[in-house]
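Listed here are the chains, written in short residue letters.
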Amino acid sequence: MMEKFLQQSMDTDEKFYRFEEQRLKIEDKRREAEHARELQMLQMLGQMLAGISSTVSQRSQSIPTSPPRRANHRSYADNFNYNAMTATLSPPIVIERSFSLHRTHTLKDMENIFQLVRNVIPPLTGKRHKGQDGRIGIVGGCREYTGAPYFAAITALKVGADLSHVFCTKDAATVIKSYSPELIVHPVLDSPNAIHEVEKWLPRLHSVVIGPGLGRDEVLLETAKGIIEKSKVKGIPIIIDADGLWLISQQPSLIQGYQRAILTPNYMEFSRLYEAMLRDPVDSSDHHGCVLRLSQAMGNLTVVQKGERDLISDGEKVLVCSHEGSSRRCGGQGDLLSGSLGVLAHWAFVAGAEKTNGQNPFLVAAFGACSLTRQSNHQAFQKFGRSMTASDMVSEVGTAFNKLFET
Ligand SMILES: NC(=O)C1=CN([C@@H]2O[C@H](COP(=O)(O)OP(=O)(O)OC[C@H]3O[C@@H](n4cnc5c(N)ncnc54)[C@H](O)[C@@H]3O)[C@@H](O)[C@H]2O)[C@@H](O)CC1
Ligand SMILES: Nc1ncnc2c1ncn2[C@@H]1O[C@H](COP(=O)(O)OP(=O)(O)OP(=O)(O)O)[C@@H](O)[C@H]1O
């Protein structure tokens, strides 16, 4: 009797999620069409203004021209082929953009790439309903680490996602909930059917961030592996950070060639991955070459090497973000980066190459997230100096975002 009841309730759930999935797809299509209409109107308005104002026309000349491309350059609008293994180890052409607020000669470049980030940010209008501007999933949080998934998830909300889900272990869930009533917390990662428990939410998510505070327990890593596989099948953008990168350095084929993935290694994580893939130590005299080679070896997915300067590569180009941060390196800063990237990657992916002037949308998203993290760090450091912590940075995300992208 009980079994029958449970089966019926599972069937009802299943039906509900199928229906929800269809509804969300229709909703997303409608939103894309609306977005395209808005863009068209903006372009028409821009053309009209350009016709009547010489100042505007001079400005429009500073919109970035498409950079030279390799012969095998892919169009990011229509050619994200995650099954394609595109790794080629031939010497690449490096197109570098280096941005620092302190060097006047780079101000134009910086403005150009910031403009591309602004282009992918959905405008705030009264017509949207909850969920349309981003439903982000964070997979991580265990007995030892509850702060990391919190920082990532709350940052996603502060950047502008509507809903932020955390999938963590039972131990971690109550703690994370107590930090913030805004987060939706699922205590499922250590349940016997954990992969299925997360999988049923995937149709509702626009992107997933795997790794903050996940830990290195074999069972949890195996669950993370299953979630990555299910997310790939659904074509969801995946950001892999922290212990998620530990997993990838053990099993690179898990994500290799999936070009909707972004890896965000810090210094140690980068060295581990590089050695696992290239069978060589990192060449400290050639950071650009290393990040390019790692991306290529991974099948041209986006790699963000965090550090004094963040190097962002898709195996064809390297963007450099040296936006001013601070000298304070408190734990949790990387979690702000991965959470904000979860949102920006989704926005950029939906906006497509049309809005990024032909650039890989994930490069643009990564540049946006790096700048935002560094700006939040800068602002928090101005206020708190050495006592600054990741929570202080979270409080700065809103004003940092406005300063960079909405002025
Ligand atoms: N409040 C929290 O809950 C936080 C949790 N975090 C989580 O903590 C977990 C572990 O991440 P970590 O980046 O700390 O990882 P590690 O434990 O690998 O590294 C910790 C630090 O130890 C040093 N280190 C690591 N390996 C070393 C080696 N072989 N030789 C010399 N030094 C070495 C490095 O300075 C590194 O930053 C992740 O799940 C991460 O998300 C962090 O995000 C920080 C904040
Ligand atoms: N030396 C530095 N100078 C300026 N900014 C830095 C420096 N090192 C890292 N950052 C910035 O700090 C952010 C987080 O990088 P970090 O290397 O601290 O990540 P992480 O170790 O993964 O963080 P977490 O503590 O969350 O695990 C990135 O946005 C990066 O730009």
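About the cut-offs
Residues numbered from 1 in each chain as written. Chains lettered and ligands numbered in written order. Predicted model: local features only at pLDDT ≥ 70, side-chain atom pairs only at ≥ 80, totals over all residues. Heavy atoms only, no water. Near = heavy atom within 4 Å. Polar contact = N/O pair within 3.5 Å; in protein donor to acceptor, adjacent residues only side chain to side chain. Areas by Shrake-Rupley, 256 points an atom, 1.4 Å probe, with all protein chains shown as cover. Helix = DSSP H or I, 4+ residues; strand = E, 2+ residues; numbered from the N terminus. UniProt positions renumbered as here; feature names shortened; annotations may be inferred. Buried < 20%, exposed > 50% of the residue type's maximum accessible area, 1.4 Å probe, protein only. Contact = heavy atoms within 4.5 Å. Nonpolar A, V, L, I, M, F, W, Y, C, P; charged D, E, K, R; others polar. Pairing = 2+ DSSP bridges. Right-handed = clockwise from strand over helix to strand, strands pointing away. Salt bridge = Lys/Arg side-chain N within 4 Å of Asp/Glu carboxyl O.

Quick look at the site of ligand 2
Asn266, Lys306, Asp310, Gly332 and Arg374 are the nearest of the 14 residues found near ligand 2. Residue glycine 307 places a main-chain N or O atom 3.4 Å away from a nitrogen atom belonging to ligand 2. Within the complex, the protein chains bury 80% of what would otherwise be the 620 Å² of accessible surface of ligand 2. Secondary-structure elements contributing two or more residues to the shell around ligand 2 are helix 11 (333–351) and helix 12 (361–384).

Topic: the UniProt feature "binding site: (6S)-NADPHX" (unreviewed entry) in the protein chain
Listed under "binding site: (6S)-NADPHX" (unreviewed entry) in the UniProt record, and renumbered for this structure, are Gly213, Asn266, Tyr267, Met268, Glu269, Phe270, Ser271, Arg272 and Asp335. Among the secondary structure elements, asparagine 266 is positioned in the loop between strand 7 (261–263) and helix 9 (267–278). Turning to its location among the elements, glutamate 269 is positioned in helix 9. A relative accessible area of 11% means that glutamate 269 is categorised as buried. Apart from the residues lying within four places of it in its own chain, the contact partners of glutamate 269 are Asp241, Ala242, Leu245 and Thr264.

Description of the side chain of threonine 223
Note that threonine 223 resides in helix 7 (residues 218–234). Beyond its immediate stretch of four places on either side in the chain, threonine 223 contacts Leu189, Ala194 and Ile195.

Section: the site of ligand 1
Close to ligand 1 lie 16 residues, the nearest being Gly147, Ala148, Gly213, Asp243 and Asp335. Aspartate 243 places a side-chain nitrogen or oxygen 2.4 Å from an oxygen atom of ligand 1. Within the complex, the protein chains bury 51% of what would otherwise be the 830 Å² of accessible surface of ligand 1. Its residues assigned to classes, the shell around ligand 1 comprises six nonpolar, six polar and four charged.

Here we look at the pairing of strand 5 (residues 207–210)
Across the two faces of strand 5 the burial is the same, with Ser207 and Val209 and Val208 and Ile210 all buried. Sheet analysis places strand 2 (residues 135–139) next to strand 5, joined by four bridges and oriented parallel. Note that in strand 5 the partner of glycine 137 across the bridge is valine 208. With three bridges connecting them, strand 5 and strand 6 (residues 238–240) associate as parallel partners. Residue pairing in the sheet places valine 208 in a bridge with isoleucine 238 of strand 6. Traced from strand 5 through helix 7 to strand 6, the parallel crossover comes out right-handed.

Regarding the pattern of salt bridges
Summed over all chains, the structure comprises eight salt bridges. Note that aspartate 171 and arginine 143 form a salt bridge whose closest N and O atoms lie 3.2 Å from each other. Separated by 28 residues along the polypeptide, aspartate 171 in helix 5 (residues 170–179) and arginine 143 in the loop between strand 2 and helix 4 (147–159) bring together distant segments of the chain. The exposure class of aspartate 171 is partly exposed, given its relative accessible area of 42%.

Some thoughts on the pairing of strand 3 (residues 163–168)
Along strand 3, six of the six residues are buried, which leaves the element largely enclosed by surrounding structure. Inspection of the sheet shows strand 2 paired to strand 3 by five bridges, in the parallel sense. Following the sheet pairing, isoleucine 136 is matched in strand 3 by serine 164. For the segment spanning strand 2, helix 4 and strand 3, crossover handedness is right-handed. As paired elements, strand 3 and strand 4 (residues 184–187) share four bridges and run parallel to each other. Across the sheet, residue histidine 165 finds its bridge partner in strand 4, namely isoleucine 184. In the classification by handedness, the crossover that spans strand 3, the intervening helix 5 and the parallel strand 4 is right-handed.

Overview of unusual backbone geometry
You will see that arginine 279, though not glycine, has its phi angle at about 55°, which is positive. Here arginine 279 shows up in the loop between helix 9 and helix 10 (287–297). The exposure class assigned to arginine 279 is exposed, which follows from its relative accessible area of 70%. For asparagine 300, which is not glycine, the phi dihedral falls at a positive 60°. With respect to the helices and strands, asparagine 300 occurs in the loop between helix 10 and strand 8 (302–305). A relative accessible area of 5% places asparagine 300 in the buried class.

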